[in-house]
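One letter stands for each residue in the lines below.
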Amino acid sequence: MAAPKVAVVGAGVIGLSTALCITETCPSCSVTILSDQFSPNTTSDVAAGMLIPHTYPGTPIHVQKQWFKETFAYLFAISNSAEASEAGIHLVSGWQVFKNAPKEELPFWSDVVLGFRLMSEAELRKFPQHRFGQAFMTLKCDCPPYLLWLEKRLKATGAQMYTRKVADLWELHSEYNVVVNCAGIGAQQLVGDKELFPVRGQVLKVHAPWVKNFIRDGDGLTYIYPGIHRVTLGGTREKESWSLFPDPGTTKDIFDRCCSLEPSLRGAQDIKVKVGLRPSRRCVRLQREVLSQGGLKLPVVHNYGHGAGGFSMHRGTAKEAARLVGECIAALQGSLSRAKL
Amino acid sequence: MRVAIIGAGVIGLSTALCIHEQYHSLVPSLEMEVYADRYTPRTTSDGAAGLWQPYLSDHGNLQETLWNKETFDYLLGHLGSPAAKEMGLFLISGYNLFTQPVPDPSWRNIVLGFRNLTPKELELFPGYSYGWFNTALMLECRSYLPWLTNRLTQRGVKFFHKKVESFQEVLAPWVKHFIITHDIESGIYNSPYVIPGSEFTVLGGIYQHGNWNEENSAQDHKTIWENCCRLLPALQNAKIVEEWSGLRPARPWVRLERETVRHGQFQAEVIHNYGHGGFGITIHWGCAMAAARLFGSILQEKKLASLPQPRL
C-alpha cells in the first residue's frame, strides 16, 4: 500500500492530536480530518484545558498515569519553547482546596505535576470554608490557540481538513483505508455507543487579568482557571443533559461560587457564557474494530469518551491510537500480500 | 495644624493616608497638603513592577524585616476586600533562581508556601541549579497611587502640581509567574527578571549604583531583552510596548526619623521617610505606620491632642 489513506473523524483536541500523531508515526499516510465542527466551535473550545486528570473508573491507574505523563511532558516542552504563546500553552500554579479531607491523600498524578505539596495553614487562611488543600503547578492549553496551532502543524504535513458531517463510519469505506473515530460526544449517534453519555458543563469566560493562580474546589464543581486572555470560571456537571443553551440561573450560581473563593472576581468584566457536553464514559474507548458489510472490510480505531479528562490525556491516547492505526495498516498490508500469493 | 507631605510616590501617599487616618479625628485642625514635582504615573513607584519582595538578606536590620512583614500582612488582609482590584493588589507566585545554594531569606515565613525548587522545575532554567518558589503579592502603583490619591482627596487632603495620565498595554499575558534570577557576583537586580502585571509584563535586571541618568540606554535595553528571552524562550513573541528607567532611592538603610529644622525664629518638625531602594512597595506600610507613630509623639510633645499610649 503506497500511501494509506486515513480519515480522522472529529476536530477537537482528540481528533487533531490523534491526526498529528498519525502523521508522525506514519509519514507515508495521507491523513484527512473530517468534522462537522472546527475550532472555535468544538467541545474542546469550551474547556479551560487544564492538565488536572479526571480518574476513569474503568481504566487501570498505571495506564492513566502513563497517558498523563506523556501529555504533560509533550506540553511542558512546548511551554518552554518560542512556540508557547502561539500554541497557547503555559504553566500555571495554584491550589485545590477541600471542605472535607479527600479520600486519597495523594492523587495518582501528584508526582507528574510540578511542586505538589500540601497547603500550609497560612495559605488555607485565604479559604475560610476549606480545611485542607494541595498546591501545585500544572499546564494549561488555551483554546482556540492550541487547536489552531495543531491545525497549522497538520497543514504543514500535507493533511487535509474538510467540514463534513459523517452520519455513518461505513460511508467512508470506499475513500479511506482506515478510519479513526474521535467524534467525542458525537460517537453516541455515530456508532450508537450507549455507554457514552453527556455531562453538561456551563462556564463563564471573564476578563480578570489580575488573577494569576488557579483555584479549584476538590469537588470539581467550582474552579477558577486563568488563561492567556480570559479566566474560565466553572462550573457544572449535569449528567444526561444535552442542552447547549446557557442557563442564566446557572451563570449567577457559578459566578457567586467563584467569587466566594476569589472575591476580587466581583470586578471581572465582559462575562461570556459557554456550554459544552463532556463525552463521558467509564473508560476511554481506545480500541480497534473491523466493520464489515457484504465481504468488504473497514478497519476502525476508536479514540473517544475522555469526559472531563480530554486535555489531560490527549497526547497519551493520541499516541496509542496512532499505534493502533499502524497495526491496522500492517494488517491490511499483510492481507494484500496474502491476496497476491 | 498644617502638615506637608513632600513626595507623592508610594511612600509619600501611604504615609499621608496613615497619618490622616490615625490622627484626623484627634486633631480637628489638621490640614494636610501633598507637594511633589511628579505624580502618578510619573513617579519612581509607577515604574516598579510592584512585586512584594525584600532583598535576599536583611543584613541584620531586623527593623526593616518587621516593616516588610507589617506591609505584607496589611496587604494580605485587603486581598479579599472589594477594593483589592482598584488598589492593583493580587496574589502572584513565582521563582527566585540561583547558580548555587543560598541560605533561606529573612522573609521565608512571611510569604506563602515558601519551598525549594524541585529538580524537574530547575530543568526549565538551564544554568540555574537552585531556587525558591513562593506565593507573594503584587501591588501595582499605577493603580495603588490613584487609589491612595482618591482616599486622600475624599479626606480633604490637597495636592499641588498635579497632572494625570494613563498607560494601557499588553506584553506577554501567558506568563503567570514572576521569575527573578540572582547572580551573587553582579549583585541584586542586575540579572534578569520577569514580573507579570495585571496588564503587561515587566522585564528587567539593571541596578547601577550612582548612575543618575533617567534616559533609556540602548545597551541596557539589549541586555534586558536578550537575558530575559534566554531565561524564558516564550518571550521572543512578546511585544515590547514601553520602556522606562527609574532611580531607586538607595541607602544603606531607610532613613526614618525625626528632625527639628530651624530657620531664624521659625521651627518645623520634620519626619524623614526615604531611602527605600528597590523595596519601597515591599516596606511601605510598615514605614508609614512608623512615621505615623513619630507624628503621634510630636503631637504629644506639643500637647496638641490627648492621645492614648502609642501602640507599638
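Residues numbered from 1 in each chain as written. Chains lettered and ligands numbered in written order. Predicted model: local features only at pLDDT ≥ 70, side-chain atom pairs only at ≥ 80, totals over all residues. Heavy atoms only, no water.

A. Summary view of the interface of chain A and chain B. Of the residues lining the interface, 31 residues belong to chain A; the matching set on chain B comes to 27 residues. Buried surface at the junction of chain A and chain B, both sides included, amounts to about 2800 Å², of which 62% is carbon and sulfur. Counting the contacts that link chain A with chain B gives zero salt bridges. Run the count over chain A and chain B and you get seven residue pairs in polar contact (both at pLDDT 80 or more). Those elements that place two or more of their residues in the side of chain A that touches chain B are helix H3 (61-79), helix H4 (84-87), strand E3 (89-98), strand E4 (114-118) and helix H5 (121-124) of chain A. The element best represented in the side of chain A that touches chain B is E3(A), accounting for five residues. (Contact = heavy atoms within 4.5 Å. Buried area = accessible area lost by both parts, 1.4 Å probe. Salt bridge = Lys/Arg side-chain N within 4 Å of Asp/Glu carboxyl O. Polar contact = N/O pair within 3.5 Å; in protein donor to acceptor, adjacent residues only side chain to side chain. Helix = DSSP H or I, 4+ residues; strand = E, 2+ residues; numbered from the N terminus.)

B. Structural view of the UniProt feature "binding site: D-dopa" (unreviewed entry) in chain A. Residues and elements named next belong to chain A. As annotated by UniProt and renumbered to match this structure, "binding site: D-dopa" (unreviewed entry) occupies Tyr223 and Arg278. Locating Tyr223 in the fold gives a position in strand E10 (residues 223-226). Residue classification places Tyr223 among the buried residues on the basis of a relative accessible area of 9%. In contact with Tyr223, other than residues within four places in its own chain, are Val203, Ile215, Arg216, Thr232, Leu233, Gly234, Gly235, Cys258 and Arg278. (UniProt positions renumbered as here; feature names shortened; annotations may be inferred. Buried < 20%, exposed > 50% of the residue type's maximum accessible area, 1.4 Å probe, protein only.)

C. Representation of the sheet that holds strand E5 (residues 130-139) of chain B in the model. Residue and element names in this part refer to chain B. The six strands are arranged E4-E5-E3-E7-E8-E9 in an open sheet whose pairing can be described as mixed. The sheet is open, and its two borders are formed by strand E4 (112-116) and strand E9 (201-204), each paired with just one other strand. Looking at each pair of strands side by side, their axes are set apart by 20 degrees on average, direction ignored. Bridge analysis of strand E7 (residues 177-181) against strand E8 (residues 193-196) gives two bridges, and the strand direction is antiparallel. (Pairing = 2+ DSSP bridges. Axes fitted to C-alpha atoms, helices over the stretch in contact; angles between N-to-C directions.)

D. Structural detail: the pairing of strand E9 (residues 214-217) of chain A. All names here are of chain A. On E9, burial covers both faces: Phe214 and Arg216 on one face and Ile215 and Asp217 on the other are all buried. Note: E3 against E9, four bridges, orientation parallel. The partner of Val97 across the bridge, within E9, is Asp217. As paired elements, E9 and E10 share two bridges and run antiparallel to each other. Bridging from a neighbouring strand, Arg216 pairs with Tyr223 of E10. Two successive antiparallel strands, E9 and E10, enclose a turn made up of five residues, where Gly220 displays a positive phi of approximately 80 degrees.

E. Main features of the packing of aromatic side chains. Following the criterion strictly, the structure yields 25 aromatic pairs over all chains and no others. With a centroid separation of 6.1 Å and 65 degrees between ring planes, the pair formed by B:Tyr39 and B:Phe159 is classed as edge-to-face. With B:Tyr39 in the loop between strand E2 (31-35) and helix H2 (44-47) and B:Phe159 in strand E6 (residues 158-160), this residue pair connects regions lying 120 residues apart in the sequence. Both residues of the pair, B:Tyr39 and B:Phe159, count as buried. For the pair B:Tyr144 and B:Trp147, a centre-to-centre distance of 6.1 Å together with 15 degrees between the ring planes defines the contact as stacked. Placement of the pair is B:Tyr144 and B:Trp147 together in helix H6 (residues 141-154), with a separation of three residues, close to one helical turn. Comparing B:Tyr144 with B:Trp147 shows no difference in burial state: the two are buried. Taken together through their ring pairs, the aromatic side chains of A:Trp109, A:Phe116, A:Phe136, A:Phe214, A:Tyr223 and A:Tyr225 make up a single cluster. Of note, A:Arg315 hangs over the ring of A:Tyr74, and the distance from its end group to the ring centre comes to 3.9 Å. (Phe/Tyr/Trp six-rings, centres within 6.5 Å; stacked < 30°, edge-to-face > 60°. Lys NZ or Arg CZ within 6 Å of the ring centre and 35° of its normal.)

F. The UniProt feature "signal peptide" (unreviewed entry) in chain A, seen in detail. Sites flagged by UniProt as "signal peptide" (unreviewed entry) map to residues 1-19 of chain A. Note that residues 1-19 of chain A is 37% helix and 26% strand, and that its end C-alpha atoms are spaced 19 Å apart.

G. Structural view of the sheet that holds strand E7 (residues 178-181) of chain A. Residue and element names in this part refer to chain A. Read across the open sheet, the six strands follow the order E6-E2-E1-E7-E15-E14; overall the sheet is mixed. Two strands close off the open sheet at either side, each with one partner strand: strand E6 (160-163) and strand E14 (285-293). Pairs of neighbouring strands in the sheet enclose a mean axial angle of 20 degrees, with direction left out of account. In this structure, E14 lies alongside strand E15 (residues 296-304), joined through nine bridges in antiparallel fashion. What sits directly across from Val290, in E15, is Pro299.

H. View of the state of the cysteines. According to the stated counting rule, one finds one disulfide over all chains in the structure shown. In this model, A:Cys26 is linked to A:Cys29 through a disulfide, with the two sulfur atoms separated by 2.2 Å. Note on the A:Cys26 and A:Cys29 pair: the S-S dihedral is about 75 degrees, so by sign convention the disulfide is right-handed. We note that A:Cys26, like A:Cys29, is buried. Not engaged in a disulfide, the cysteine B:Cys18 finds its nearest cysteine sulfur in B:Cys287; these two sulfurs lie 11 Å apart. A relative accessible area of 1% means that B:Cys18 is categorised as buried. (Disulfide = S-S within 2.5 Å.)

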